[in-house]
Structures are given as C-alpha cells and as structure tokens.
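# Chains, contacts and geometry: an overview
Below are the chains, spelled out letter by letter.
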Amino acid sequence: MSKLENRSEVQDIIEIDVSQDGDVCNQDELNTLYQQPYFCSARKAVGLEKLYILHVDCEWKSKKLAAALSNHSVHLTSTDTLDKISTFIAHDQTIVDVHFDPVNLNCVLTGSSDGSIRVWDIRNPEKCSQEFRDDTDQKIKPFLSFDINCNGTLLCGGTEKVKSDTHLFLWDTRSPKVLAAYSEFHEDDISHVQFHPTSPNTLASCSTDCLVNIYDLNEKDEDDALQFCLNTETTCGRLQWLGYDMKTKQESISVTTSTENVQIWDVEEASPKHIFSREKIADALRRKKSETCFAIRCFQRGEGQDPLLLAGSNTPNRGCLRMLKMSEGVLEPFAILFDEKGGNSQTIRGAAFNQVSGQVVSGGEDGIINVWMPGEVKQVASNNTRKVKTEVLSKKFGGAHGSKKPYSK
Amino acid sequence: MSSKVSRDTLYEAVNNMLTQSKEKKRRFTETVEIQFGLKNYDPQKDKRFSGTVKLKHIPRPAMKVCILGDQQHCDEANANNLPCMDAEALKKLNKNKKLVKQLAKKYDAFLASEALIKQIPRLLGPGLNKAGKFPGPLTHSDSMVQKVEEVKGTIKFQMKKVLCLCVAVGHVKMSADDLAQNIHLSINFLVSLLKKHWQNVRSIHIKTTMGVPQRLY
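Residues numbered from 1 in each chain as written. Chains lettered and ligands numbered in written order. Predicted model: local features only at pLDDT ≥ 70, side-chain atom pairs only at ≥ 80, totals over all residues. Heavy atoms only, no water.

## Focus on the overall build of chain B
Rule in force here: Secondary structure is summarised from DSSP: a helix means a run of H or I of at least four residues, a strand means a run of E of at least two, and numbering begins at the N terminus for each. Only protein chains enter the calculation, and the probe is 1.4 Å; a residue is then buried if its accessible area is under 20% of its type maximum, exposed if over 50%, and partly exposed in between. Two residues qualify as a contact provided that any one of their heavy atoms is within 4.5 Å of a heavy atom in the partner residue. Exposure was quantified through the Shrake-Rupley algorithm and a 1.4 Å probe, taking into account, for residues, occlusion by the shown protein chains and nothing else. Charge counting treats Lys and Arg as positive and Asp and Glu as negative, with His and both chain ends excluded. Think of each charge as sitting on NZ of Lys, CZ of Arg, CG of Asp or CD of Glu.
Of regular secondary structure, chain B possesses nine helices and 11 strands. Once the C-alpha set of chain B is aligned to its principal axes, its extents read approximately 55 × 45 × 35 Å. Among the 217 residues that make up chain B, the fraction classed as buried is 49%. The contacts in chain B between residues at least 6 apart in sequence include a share of 74% that link residues at least 24 apart. Per element, the accessible surface of chain B, about 10400 Å² overall, is 50% carbon and sulfur. In chain B, 38 side chains carry a positive charge and 19 a negative one; their mean positions are 10 Å apart.

## Re the overall build of chain A
On a plain count of helices and strands, chain A comes out with three helices and 31 strands. Burial statistics for chain A: of 409 residues in total, 58% are counted as buried. Carbon together with sulfur atoms contributes 48% to the accessible area of chain A, which is approximately 17900 Å² in total.

## Topic: the domain arrangement of chain B
Filter applied, for reference: Each domain's limits were defined by an automated method or a database of domain assignments.
Looking at the assigned domains, one finds that chain B contains domain 1 (7-49 + 159-215) and domain 2 (65-151). Of note, the centres of domain 1 of chain B and domain 2 of chain B, computed from C-alpha atoms alone, are 32 Å apart.

## Considering the pairing of strand S19 (residues 236-245) of chain A
Residues and elements named next belong to chain A. Rules: Pairs of strands are assigned from DSSP output, requiring at least two bridges between the strands.
Most of S19 is tucked away: seven of the 10 residues are buried. Inspection of the sheet shows S19 paired to strand S20 (residues 250-257) by eight bridges, in the antiparallel sense. Across the sheet, the residue bridging to tyrosine 244 is glutamate 251, located in S20. Hairpin connection from S19 to S20: four residues lie between these consecutive antiparallel strands, with lysine 249 at a positive phi of about 60°.

In structure tokens, the structure reads:
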C-alpha cells in the first residue's frame, strides 16, 4: 500500500544461528596464535544439584578459594586440589560478591541483596562473626556489590536504586556503625565497587547510569570525595583497576559494559583511551559469532605487563574460554583455557587471577570450578598400567621461547 | 534460518498501531515502545540485563541538549543554534546545589568539552550525577551536530526484577518505515545480548502510550 519501495531495507527478523558457531581457524593455527600454554590442574563440581557459581575469590598465600553459589551458600576449597574445606549458608537472598579479608586471612566476607555484608571466620563458619548494615533507617537497601580495601580497614557497599536513591555505604571494619553514606554520586544501580589495589583510600564505582566515579575517601565531605567522573555513555557492569600506565603517567581502569564491550580509561581523562567492542573481542578470540561471546574479567598483571581479558563463548558443545592480552589498544590472543573433560561452554560468572603464578580460577553456571596453571601437561605412564600419571613440565610460563621471566611476551 | 518476526508481521503491526493512534487524537505525541516478555531467566541468579543502543531514527526529537563548552565549542554551538554555557557561566553557579539542580532540570542531556568535563566535579559538585545528566565528552575532532544527534538517538534499556522489558523506540509522528527500522534494530540487538537469545524471549509487543499492544512474537 504505502512506500513499498522502502520496505526492502527491513528484512525478516531471524533466529541467531549458532549451529555452526566455532573458531574461524583450525586448531594448529590457534595453537600458533595462542602462545602461552595453560592446562587445567583441577576441576570440580560444587555439588550434585544444578547450582550456579556466582562469584569466586582466592586467598593465594594460604591457597584458599571461596565460591558464592546461587543457593545463597559459600563453598570453601583449596586452590590446589579443589577439595572442599567447608560449606555454609551465608544469607537468605542472593549473594552479590565474596571477598577474603586481605589482612585477616581466615576471614571471608559476603554481601547480599538482603542489605547486609557479613564476615565469616572460615575455621568456624556456622555463625557469622560480624554483620554490617545500613543502620540509618529501617528500609532495606539491597547491595549489588561490595569491597574491602587493601589494608582491611574500610568496607564499601554499593546498592541498587531504591525509589529514587542509590547509595554508597562506608564502614570502618572495626565498627558496625555506618561511617559514611553517599547518595549523590549515582542515579541508577551501582553495579560494581572496587578499592584501589594499593591505595587504601581510593575507591571506584560504576553504575548503569553510565558513570565510573573515582573517590578520595580522605575527604570527609561528600561533595569533595568525588575526584573524577568518567562518562562511558553506556551501562557499566564491572570495573577493574589496571595499575599505573607508565606511558600516560596515570592510573588506568577497565570498564566492562553490559553490552559486552571493554573500555580502557586513564582516570583523569574525559574519554576512553581504548574501546574493545564485542565484535573486536570475537575477532581477537578468532570466533565466528560475536553474539555468543562474552567479556568476563580483566586481570591486572605485574608492573610493565599488559593486562589480560578473560573472554569466551558459551555456545553448547562449541564454546571456549580464552585470555587476550590488551596491549596498546590492540587485543592479542594470549592463552587458551581448555578443559578436556568438557565444560568449555560454561557461562563463567566468577574468576580470579594470581599475579605471581599466573594461575586462573573460574566458576560458572554449570556449577564447575576450574583451576588453570601456565605450562604444559605431559602424560607419563606409570608402572601401574591402569593409571596415567600427569607430570607438569617444570619450566615457567615462557611459551615457545622458554624465557625465564613470567609473561615475557 | 527460521524467521522470528517476518517483515510483513512487523509492518502490519506498525501500520495498525499508527492507524489506531490517528483515530483517537491525543494532546501529546505518543511514544512507541517495544515490550519484551522474557522466559528461562531467573532474576535472582542470572546476570542483570541492561544496555544502550543507538537507533537509526531519532526517537525523541524534542530532546534538549546543552553544550558546556570551551570558547571554540561555544562558538560552534551558537552557530548551530544549540544552547551552551562556558566555564565562566558554570563558575557563577558557585557549586550551589539548587542552581545546579535547576540547570539539570532545564535540559535533557549535556555534552562538554573534554577540558571542562574534568572540572565538573569541582565546579558543580555531584548535582549532575544525581540527576543522571553528567555530560558526555565532546572533542574538537567530533562534529558537534552529529554528536548531539547521537545523544538524541541513543536509548537505554534495563531490566529490573520483573521478566518484562520496555524500550521506547520512537513516536507516532514517525513514518512506518522509520519505526520499522528502529524496531528491527532494537529487537536484533537486545536478543543478541540475551544468554540463550530467542530461547529467552517469550513474547514481543509494540504499543503506543495509550494504544493497544500489537503482538509481533
């Protein structure tokens, strides 16, 4: 009837075909591109029921892992063997994050949409040893994220938008009384908060209001605490402090958006220095379909080393989990995290990274935790012909060039 | 590959919607929105769903964008009939919360020169943050007019606790083609972000503010 000639611009809306999803190149080419070998040193399901692993944190020195599950419980294991140490129910609503206390290594903290942040002594986890709440009024403000600073003295919780307010609460860990409550800095859900890794009074928060805020908590006045405000122009999911950029002489931060993009910012600037779109990430991964690719975590590494992006695809039977190196605005293949026993399509929700050893821990919606170590596994037949012993090649993770320095590439 | 919403279904629904809206005149221009009903999704444990998307045709043409600019940007704003304020004008607000709130209310969005953006927390305090109107960056290599169009054409979507997502994608004074294109783009983009894509979609409707929902899927 009307404007038939323009109708050709709009096609039928069709299914996203993932039946042919996979890599754009063959295994040999992938192995050439992804130079850093990694192997799966341990793998365990957290239980027999269908549970999601929502968050993971590791205390590497004492080799402990805490996994927050979708049934509101925390699962504690060893990072080496994944043998269970204990399990306890932490809340009666969704656990939004889990963190080890960086100073009190026997303590693990959980935050929940029930409006509380609880401290648990892992030697005695039946009862929580301390609880932090908003004690300013009766209304429950569900947390979406929380963090504890590097010297264990400050705790911060970011909330959902409740009516028209969204809050950042601060506590001195020695007292359950709210130290400060900020409600002016964001206009929508605060999706993630993270303290600076070494500066105990520096905090960052990001929100679905598209902003990343950087705070100096030495300033007691709410109005003065906000140092920098970064407008990502899209809804933010997570942020990660990436360390000091030697080139630009500024602290840098990554922001993973809800649309699976990653933006890299120098905190004092007004626009991102690099943007990695979902398509760019899929290309770097060498995958066919960007619609099945997810940006999972950014990992900060040692001084002078480029940060890593953990990303993958959850297409059933055709998925992958890989790490890309983010160097100078270019994404390069870095390592493939391959689980021989299956589960390469797991939707990963939590991950942790050991900057010293290069170990990676991941957990996801299939309820499986994996520990990945840099290096290669060599199959060795033992005297008992039924058993096959696996021996780790002792060299460090220098890849094909056998360099002694970790991550020399 | 199987068609989820055929071109014909889309146009039929859009045309029905527009015809209905013309039949009953309203005192305002009705918004057109897409309503997604989701399934196989548990808000307690699945990842929260939100994002922004830039539409091809501006859904909110009356949106007021103000430029907070350096000298060059203010000149450019004036030349293009765009409201603007310079650093001096911002300093005059003297971090007064009431004045900043008034400024935030006056405009729907702000764009600011990069040098100026860095000063906003100090010049204005968190007032624009609270209003959800912190400015987007404007560089000297950007075309100001284009950037303003981009701001006007970008919509945000967010799913809270209910399995229903509503996205405003246009208004009833737009042509059927423009609406169809915006709807097409939005549906494809949103579905691409869902974990199981179309398996997470139970239904899709389009409707005008006061109209009856038209089913697409």
